Each structure stands twice: as C-alpha cells, then as structure tokens.
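Observations on the model geometry
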Amino acid sequence: MSMWQITRARRTVAAASLAAALAFTLSACGEDGNRSANTVAGQGSESGQGDDRARQPKEPEQPEKPDDSKVIATLQGADGISLDVTSATRDSGGFVTVNGVIKNSSDTEYFGTDFWTGPELALQKGAGGGSLGGASLIDKAEKKRYYTLRDTEDRPLTTLGLSSIKPRSENRVFMQFPAPPKSTTEVDLQIPTFQSASLTLTDA
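In this text the structure is predicted, and so the values were computed from the model without any measurement.

1. Quick look at the pairing of strand S4 (residues 136-139)
Neither face of S4 is exposed, since Ser 136 and Ile 138 on one face and Leu 137 and Asp 139 on the opposite face are all buried. By the bridge criterion, 4 bridges tie S4 to strand S5 (residues 144-147) in an arrangement that is antiparallel. Within S5, the position partnered with Ser 136 by the bridge is Tyr 147. The hairpin formed by S4 and S5 contains 4 residues between the paired strands, and Lys 143 there has a positive phi angle of roughly 55°. Pairing geometry for S4 and strand S7 (residues 186-190), over 3 bridges, is antiparallel. Bridging from a neighbouring strand, Ser 136 pairs with Gln 190 of S7.

2. Things to note about unusual backbone geometry
Notably, Asp 79 is not glycine yet its phi reads approximately 55°, a positive angle. Relative to the assigned elements, Asp 79 resides in the loop between strand S1 (73-76) and strand S2 (81-90). A positive phi angle, near 55°, is found at Arg 168, a position not held by glycine. Tracing the sequence through the fold places Arg 168 in the loop between S5 and strand S6 (169-178). Its relative accessible area of 58% is what places Arg 168 among the exposed residues.

3. Notes on the sheet that holds S4
Ordered by their spatial adjacency, 4 strands build an open sheet running S5-S4-S7-S8, and the pairing between neighbours is antiparallel. The two strands at the open ends of the sheet, each matched to only one other strand, are S5 and strand S8 (197-200). For this sheet, the mean inter-axis angle between neighbouring strands, taken without regard to orientation, is 30°. Inspection of the sheet shows S7 paired to S8 by 4 bridges, in the antiparallel sense. Its bridge partner lying in S8, Glu 186 is registered against Thr 200.

Scoring rules and cut-offs
- Residues numbered from 1 in each chain as written.
- Predicted model: local features only at pLDDT ≥ 70, side-chain atom pairs only at ≥ 80, totals over all residues.
- Heavy atoms only, no water.
- Buried < 20%, exposed > 50% of the residue type's maximum accessible area, 1.4 Å probe, protein only.
- Helix = DSSP H or I, 4+ residues; strand = E, 2+ residues; numbered from the N terminus.
- Pairing = 2+ DSSP bridges.
- Axes fitted to C-alpha atoms, helices over the stretch in contact; angles between N-to-C directions.

So, to be careful, I would describe these as geometric facts and stop short of saying anything about function.
Structure below.
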C-alpha cells in the first residue's frame, strides 16, 4: 500500500470515529434535553396546581339591597313634616326593617322630634334625644302591636340624634321591629304626631 493510500485510510477511520463520537454526543444531549424538558414540564404542572391551591376563592356576591328609590307609603306629620317609606323588609333574622326619608317642606326648623320617641321614660333616656323609638307596627289580622327593638341600654334600634329637622331638608331614617308571622304581609306603621299608613312587607 502506498503512503497516499495509508494516509487516506487513516483519514477515513478518523472521520468515521469522529462521526460516531458526534452521533453519540448528540444522542446523549437529546436524552438529557428530553429529561430536562420533562422535568421542567412536570415542575410547571406542579407549580400550576400549587397556584390553583394558593389562589383565594372569590368572595360571594352580596345580596342586592332593597330599592330605596320608590316610595311605598307616606306618613303626614305636623308643620310640614312627612315621612316617605321606601322599604319594609322582613329579614331572615326575625325582624322587619323600615327605611324612609323624613322631609321638612316648610321654611321653619322643626323641634318636635322628642315626641317621636314616645312617652316611655326609659326609652327617652336611652335614645338621648329625638329618635323614632316610639314607632310601632300594627298587625290587624293577628291583633298585635310590635314596638321598635332596643338594645340592653334601652337604645331603640332606629335613627337617633334627631334633635331637629332643618327647613327644606331630607333625612334618611330607619326603624327595626320584631317580625310578625309569615302569614302577615301587611301592617300599619304608626309614629307619634304622624298619620298612620299601611305597608306591604317584602322578604329580603
């Protein structure tokens, strides 16, 4: 064999060895790459599950409040005072909440709010001034009267601090009463110095 043939044969063997080595290296890298990809994918999946577990649930939506834009009854008072009742709602807690707006249509400030608390001395003391503590609901079907609820210090569960009603003003107010039986759907609202009015109870 000539020197040129020997050199060519050596080059061929070297090239074949290099190709084999390169193929092995690429194969190994591919396997490592696949393992790395699988590992990352697995970690990503676990991370995603962790994110789902860590994500806080949405807070439940609050129930809609009664529509206070519609007047369901009006009680006429003295000296230009009136009360527009906007809702009378029976709640699941066993009480009725009456919401409304007291208006003074006159040009004179009204100071007769102490009468609205009623004649009971303990209630007057607890209210500490003008309030709607003297209000009551009349269940004519059951022949029962329901007075405003009060706390342990005889404060009525109504709007407090009604020392006077400014001229040409509006004041949002509320009152809470024990709920009549479910069979009662209509009651009369009575407040000292006001004319009474009938209210239809709705469920919250």
